[in-house]
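Notes for the structure review
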Amino acid sequence: MPVAAARPIVLRVAERERLKKMAYGHKSEYRLRMRAQVVLHAARGRSNARIARETGLHLGTVRCWRGRFAEHGLGGLSDRERSGRPPSFTALQVAQVKALACRLPAESGVPLARWLCPELAREVVVRAIAGSVSASTVRRWLADDALKPWQHRSWIFITDPDFRVKAERVLGLYARIWQGIELGDDEYVISADEKTSIQARCRCHPTLAPGQARAMRVNHTYGRGGALAYLAASAEPAT
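All figures in this text were calculated on a predicted structure; none of them were measured in a lab.

The secondary structure content of the chain amounts to 8 helices and 7 strands. Expressed as a percentage of the 239 residues in the chain, the buried residues total 28%. If you take every contact in the chain between residues at least 6 apart in sequence, the share linking residues at least 24 apart comes to 54%. Of the roughly 16800 Å² that the chain leaves accessible, carbon and sulfur atoms contribute 55%.

See the structure below:
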(Lines give C-alpha, C1' and ligand atoms only; values in the text may rest on other atoms or scores of the structure.)
Protein backbone atom coordinates (compact mmCIF):
# COMPACT_ATOMS: atom_id res chain seq x y z
CA MET A 1 0.00 0.00 0.00
CA PRO A 2 1.58 3.31 -1.06
CA VAL A 3 2.43 5.78 1.70
CA ALA A 4 0.81 9.21 1.39
CA ALA A 5 3.27 11.96 0.58
CA ALA A 6 4.03 14.44 3.35
CA ARG A 7 2.19 17.74 3.11
CA PRO A 8 4.50 20.50 1.84
CA ILE A 9 4.92 23.43 4.24
CA VAL A 10 5.81 26.94 3.07
CA LEU A 11 6.14 29.60 5.74
CA ARG A 12 5.75 33.34 5.55
CA VAL A 13 8.25 35.48 7.44
CA ALA A 14 5.76 36.35 10.19
CA GLU A 15 4.76 32.70 10.60
CA ARG A 16 8.39 31.59 10.85
CA GLU A 17 9.16 34.16 13.54
CA ARG A 18 6.06 33.19 15.51
CA LEU A 19 6.90 29.49 15.28
CA LYS A 20 10.48 30.09 16.45
CA LYS A 21 9.21 31.89 19.55
CA MET A 22 6.84 29.01 20.24
CA ALA A 23 9.47 26.34 19.60
CA TYR A 24 12.33 27.82 21.62
CA GLY A 25 10.68 30.23 24.06
CA HIS A 26 11.18 29.44 27.74
CA LYS A 27 7.58 30.29 28.56
CA SER A 28 6.01 28.17 25.81
CA GLU A 29 3.94 25.17 26.79
CA TYR A 30 5.64 21.88 26.00
CA ARG A 31 2.89 20.68 23.67
CA LEU A 32 2.94 23.91 21.64
CA ARG A 33 6.73 23.88 21.57
CA MET A 34 6.83 20.40 20.05
CA ARG A 35 4.13 21.23 17.51
CA ALA A 36 6.03 24.33 16.39
CA GLN A 37 9.22 22.29 16.01
CA VAL A 38 7.37 19.79 13.81
CA VAL A 39 6.26 22.59 11.48
CA LEU A 40 9.71 24.19 11.35
CA HIS A 41 11.29 20.85 10.46
CA ALA A 42 8.61 20.27 7.85
CA ALA A 43 9.27 23.71 6.32
CA ARG A 44 12.86 22.58 5.73
CA GLY A 45 11.54 19.77 3.54
CA ARG A 46 12.23 16.94 5.99
CA SER A 47 10.18 13.76 5.96
CA ASN A 48 7.76 12.85 8.73
CA ALA A 49 9.91 9.85 9.71
CA ARG A 50 12.99 12.02 10.15
CA ILE A 51 11.04 14.62 12.16
CA ALA A 52 9.72 11.84 14.40
CA ARG A 53 13.26 10.57 15.04
CA GLU A 54 14.67 14.04 15.79
CA THR A 55 11.84 15.19 18.04
CA GLY A 56 11.09 11.85 19.72
CA LEU A 57 7.43 12.07 18.75
CA HIS A 58 5.27 9.33 17.30
CA LEU A 59 5.08 9.29 13.49
CA GLY A 60 1.30 9.68 13.63
CA THR A 61 1.65 12.74 15.87
CA VAL A 62 4.07 14.37 13.43
CA ARG A 63 1.76 13.62 10.50
CA CYS A 64 -1.22 15.04 12.42
CA TRP A 65 0.31 18.43 13.29
CA ARG A 66 1.96 18.82 9.91
CA GLY A 67 -1.40 18.29 8.25
CA ARG A 68 -3.23 20.56 10.70
CA PHE A 69 -0.82 23.42 9.96
CA ALA A 70 -1.06 22.86 6.22
CA GLU A 71 -4.85 23.20 6.40
CA HIS A 72 -5.38 25.85 9.11
CA GLY A 73 -2.07 27.63 9.61
CA LEU A 74 -1.02 28.72 13.11
CA GLY A 75 -4.57 28.32 14.38
CA GLY A 76 -4.38 24.61 13.58
CA LEU A 77 -1.75 24.09 16.28
CA SER A 78 -4.22 24.88 19.06
CA ASP A 79 -6.32 22.18 20.70
CA ARG A 80 -9.82 21.84 19.36
CA GLU A 81 -12.72 22.41 21.69
CA ARG A 82 -14.06 19.24 23.23
CA SER A 83 -17.67 18.84 24.14
CA GLY A 84 -16.93 16.55 27.09
CA ARG A 85 -19.56 14.90 29.23
CA PRO A 86 -22.65 17.06 29.76
CA PRO A 87 -23.06 18.28 33.37
CA SER A 88 -25.15 16.03 35.58
CA PHE A 89 -26.64 18.94 37.54
CA THR A 90 -27.90 22.32 36.47
CA ALA A 91 -26.68 25.63 37.88
CA LEU A 92 -30.11 26.04 39.52
CA GLN A 93 -29.75 22.73 41.38
CA VAL A 94 -26.29 23.72 42.64
CA ALA A 95 -27.64 27.08 43.82
CA GLN A 96 -30.56 25.39 45.60
CA VAL A 97 -28.18 23.07 47.47
CA LYS A 98 -26.02 26.01 48.56
CA ALA A 99 -29.10 27.92 49.69
CA LEU A 100 -30.23 24.91 51.72
CA ALA A 101 -26.80 24.70 53.39
CA CYS A 102 -27.19 28.35 54.45
CA ARG A 103 -30.42 27.58 56.30
CA LEU A 104 -30.69 26.05 59.74
CA PRO A 105 -31.78 22.39 59.77
CA ALA A 106 -34.61 23.30 62.17
CA GLU A 107 -36.16 25.47 59.45
CA SER A 108 -36.49 22.33 57.32
CA GLY A 109 -37.86 20.23 60.17
CA VAL A 110 -34.69 18.14 60.32
CA PRO A 111 -33.68 17.11 63.88
CA LEU A 112 -30.09 18.25 63.53
CA ALA A 113 -28.08 21.00 65.18
CA ARG A 114 -26.10 21.68 61.98
CA TRP A 115 -25.76 20.30 58.49
CA LEU A 116 -23.25 17.67 57.42
CA CYS A 117 -22.69 16.79 53.77
CA PRO A 118 -24.34 13.32 53.96
CA GLU A 119 -27.43 14.82 55.62
CA LEU A 120 -27.52 17.60 53.03
CA ALA A 121 -27.32 15.05 50.21
CA ARG A 122 -30.24 13.11 51.70
CA GLU A 123 -32.30 16.28 52.15
CA VAL A 124 -31.63 17.24 48.52
CA VAL A 125 -33.22 13.95 47.42
CA VAL A 126 -36.14 14.34 49.88
CA ARG A 127 -36.88 17.82 48.53
CA ALA A 128 -36.66 16.47 44.95
CA ILE A 129 -33.97 19.01 44.09
CA ALA A 130 -32.10 16.14 42.43
CA GLY A 131 -32.82 12.46 41.95
CA SER A 132 -29.53 11.48 43.60
CA VAL A 133 -26.35 13.22 44.65
CA SER A 134 -23.32 12.11 46.63
CA ALA A 135 -21.95 13.74 49.77
CA SER A 136 -18.63 14.36 48.00
CA THR A 137 -20.41 16.28 45.23
CA VAL A 138 -22.21 18.43 47.81
CA ARG A 139 -18.91 19.04 49.60
CA ARG A 140 -17.29 20.17 46.34
CA TRP A 141 -20.13 22.61 45.62
CA LEU A 142 -19.93 24.12 49.10
CA ALA A 143 -16.15 24.44 48.86
CA ASP A 144 -16.57 26.71 45.82
CA ASP A 145 -18.10 29.37 48.10
CA ALA A 146 -16.21 28.42 51.30
CA LEU A 147 -19.44 27.17 52.90
CA LYS A 148 -18.94 24.97 55.97
CA PRO A 149 -22.33 24.56 57.68
CA TRP A 150 -20.95 21.88 60.01
CA GLN A 151 -18.80 24.50 61.76
CA HIS A 152 -20.18 26.90 64.35
CA ARG A 153 -18.98 29.63 66.68
CA SER A 154 -20.38 29.63 70.19
CA TRP A 155 -19.89 32.09 73.02
CA ILE A 156 -21.40 32.97 76.38
CA PHE A 157 -21.62 36.29 78.22
CA ILE A 158 -20.69 36.36 81.90
CA THR A 159 -23.59 37.51 84.11
CA ASP A 160 -22.38 36.44 87.57
CA PRO A 161 -21.28 39.57 89.52
CA ASP A 162 -18.93 37.40 91.62
CA PHE A 163 -17.33 35.76 88.62
CA ARG A 164 -13.93 37.42 89.10
CA VAL A 165 -13.57 36.20 92.70
CA LYS A 166 -14.64 32.66 91.79
CA ALA A 167 -12.46 32.56 88.69
CA GLU A 168 -9.38 33.68 90.62
CA ARG A 169 -9.72 30.71 92.98
CA VAL A 170 -10.15 28.23 90.16
CA LEU A 171 -7.34 29.65 88.03
CA GLY A 172 -5.09 29.75 91.06
CA LEU A 173 -5.65 26.04 91.67
CA TYR A 174 -4.87 25.33 88.01
CA ALA A 175 -1.57 27.11 88.65
CA ARG A 176 -1.15 25.08 91.91
CA ILE A 177 -1.58 28.15 94.11
CA TRP A 178 -3.95 28.24 97.10
CA GLN A 179 -4.53 31.40 99.16
CA GLY A 180 -1.40 32.92 97.66
CA ILE A 181 0.85 29.96 98.57
CA GLU A 182 2.27 27.58 95.98
CA LEU A 183 1.40 23.94 96.58
CA GLY A 184 4.19 21.51 97.32
CA ASP A 185 5.11 18.39 95.36
CA ASP A 186 3.23 16.21 97.89
CA GLU A 187 0.03 18.26 97.69
CA TYR A 188 -2.71 17.80 95.12
CA VAL A 189 -5.99 19.31 93.86
CA ILE A 190 -9.29 17.45 93.53
CA SER A 191 -11.85 18.77 91.03
CA ALA A 192 -15.27 17.36 90.17
CA ASP A 193 -18.13 18.60 88.03
CA GLU A 194 -21.14 17.35 86.14
CA LYS A 195 -20.48 15.59 82.85
CA THR A 196 -19.13 18.34 80.63
CA SER A 197 -20.52 16.92 77.38
CA ILE A 198 -24.09 17.31 78.69
CA GLN A 199 -24.75 20.96 79.45
CA ALA A 200 -27.97 22.89 79.96
CA ARG A 201 -27.51 25.69 77.42
CA CYS A 202 -30.25 28.23 76.88
CA ARG A 203 -30.21 30.33 73.68
CA CYS A 204 -30.06 34.05 74.43
CA HIS A 205 -30.58 35.03 70.78
CA PRO A 206 -31.72 33.19 67.65
CA THR A 207 -28.98 31.12 66.05
CA LEU A 208 -27.58 32.72 62.90
CA ALA A 209 -27.33 30.42 59.87
CA PRO A 210 -23.96 29.93 58.15
CA GLY A 211 -23.01 31.96 55.10
CA GLN A 212 -20.13 32.39 52.69
CA ALA A 213 -16.88 31.95 54.66
CA ARG A 214 -18.89 32.37 57.89
CA ALA A 215 -19.64 29.69 60.43
CA MET A 216 -23.00 29.30 62.17
CA ARG A 217 -23.18 31.56 65.24
CA VAL A 218 -24.67 30.49 68.55
CA ASN A 219 -25.02 32.69 71.64
CA HIS A 220 -26.16 30.99 74.84
CA THR A 221 -26.19 31.07 78.60
CA TYR A 222 -25.40 28.12 80.83
CA GLY A 223 -28.07 27.06 83.31
CA ARG A 224 -26.75 24.74 85.99
CA GLY A 225 -30.20 23.48 86.88
CA GLY A 226 -29.22 22.58 90.47
CA ALA A 227 -25.98 20.79 89.59
CA LEU A 228 -23.17 21.29 92.09
CA ALA A 229 -19.43 21.55 91.62
CA TYR A 230 -16.69 21.65 94.19
CA LEU A 231 -12.97 22.27 94.24
CA ALA A 232 -10.69 21.25 97.08
CA ALA A 233 -7.04 21.84 97.72
CA SER A 234 -5.40 19.59 100.24
CA ALA A 235 -2.30 20.46 102.19
CA GLU A 236 -2.04 16.89 103.45
CA PRO A 237 0.48 14.53 101.87
CA ALA A 238 -1.03 12.08 99.39
CA THR A 239 -1.38 8.58 100.80
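Turning next to the nonpolar core. Looking at soluble globular proteins, one finds that nonpolar side chains tend to be buried together. Counting residues in each nonpolar core, the largest one holds 17 residues, and the members touching the most others are Val 97, Leu 120, Val 124, Val 133, Val 138 and Leu 142. Every residue in contact with Leu 120, bar those within four places of it in the chain, is listed here: Leu 100, Ala 101, Trp 115, Val 138, Leu 142 and Pro 149.

Among the residues of helix α7 (residues 135–144), those classed as buried are Thr 137, Val 138, Trp 141 and Leu 142. Around the axis of α7, the buried residues are gathered within 135° of arc, so they sit on the same side. Residues of α7 that are buried sit in contact with α5 (91–101) and α6 (117–126). Just past α7, the residue Ala 146 takes up positive phi, approximately 55°.

Rules behind the numbers
- Residues numbered from 1 in each chain as written.
- Predicted model: local features only at pLDDT ≥ 70, side-chain atom pairs only at ≥ 80, totals over all residues.
- Heavy atoms only, no water.
- Helix = DSSP H or I, 4+ residues; strand = E, 2+ residues; numbered from the N terminus.
- Buried < 20%, exposed > 50% of the residue type's maximum accessible area, 1.4 Å probe, protein only.
- Contact = heavy atoms within 4.5 Å.
- Areas by Shrake-Rupley, 256 points an atom, 1.4 Å probe, with all protein chains shown as cover.
- Core = buried A, V, L, I, M, F, W, Y, C linked by side-chain atoms within 4.5 Å.
- Arc of directions from axis to C-beta.

Remember, this is a structural readout, not a statement about activity or role.
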